[in-house]
Amino acid sequence: MKRVAFVFKSAPHGSAAGREGLDALLATSALTEDIGVFFIGDGVLQLIPGQQPGLILARDYIATFRVLPLYDIDQCYLCAASVRERGLPPDDAWVLDAQPLEPDALSEMLHQFDVVLTF
């Protein structure tokens, strides 16, 4: 069975990439259990709680990241440098329990996957 990584690099609002990535992630979880989820760059913004996308007429899907453990998806990683670059507190109460990694460690972890899908 191939190991599949999902990389979220885009901000949660302004495009459908995050929502489409989450849909693909949940669908893939029915086919394999070896899934990794990575939040890099503006993708770290996907995990900020309390967002109100309805104010900009966008769909609210961010809270859905909370259900990933119910789908046995527990390999979740957050780029610590991306968090710092955006001025976010490193110990923030994220929507999902993701392990913060520095870029080198994150890259090393990502290279352990056979397939990488980026959203």
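Coordinates for the structure precede this section.
Cut-off values and rules
- Residues numbered from 1 in each chain as written.
- Predicted model: local features only at pLDDT ≥ 70, side-chain atom pairs only at ≥ 80, totals over all residues.
- Heavy atoms only, no water.
- Phe/Tyr/Trp six-rings, centres within 6.5 Å; stacked < 30°, edge-to-face > 60°.
- Helix = DSSP H or I, 4+ residues; strand = E, 2+ residues; numbered from the N terminus.
- Buried < 20%, exposed > 50% of the residue type's maximum accessible area, 1.4 Å probe, protein only.
- Lys NZ or Arg CZ within 6 Å of the ring centre and 35° of its normal.
- Pairing = 2+ DSSP bridges.

Caption draft 1: View of the packing of aromatic side chains. Summed over all chains, the structure comprises seven aromatic pairs. Ring plane angle 10 degrees and centroid distance 6.2 Å describe the contact between F6 and F119, whose orientation is recorded as stacked. Of this pair, F6 sits in strand β1 (residues 4-8) while F119 sits in the segment after β5 (115-118), and the two are 113 residues apart along the sequence. Ring centres 5.3 Å apart and planes at 85 degrees place the aromatic pair F8 and F65 in the edge-to-face group. In this pair, F8 is assigned in strand β1 and F65 in the loop between β2 (35-39) and β3 (75-79), connecting sequence segments 57 residues apart. Note on accessibility: F8 and F65 belong to one class, buried. Here the aromatic residues F6, F8, F39, F65 and F119 are joined through ring pairs into a cluster of three or more. When the ring centre of F113 is taken as reference, the NZ or CZ atom of R3 above it lies at 4.3 Å.

Caption draft 2: Examining the pairing of β3 more closely. Taken across its five residues, β3 has five buried, putting it largely inside the fold. Of the two faces of β3, both are covered, the one formed by Q75, Y77 and C79 as well as the one formed by C76 and L78. Sheet analysis places β2 next to β3, joined by four bridges and oriented parallel. When the bridges of β3 are listed, F38 appears paired with Y77. In the sheet, β3 pairs with strand β4 (residues 99-101) via three bridges, with the strands oriented parallel.

Bear in mind that shape data such as this cannot, by itself, settle questions of function.
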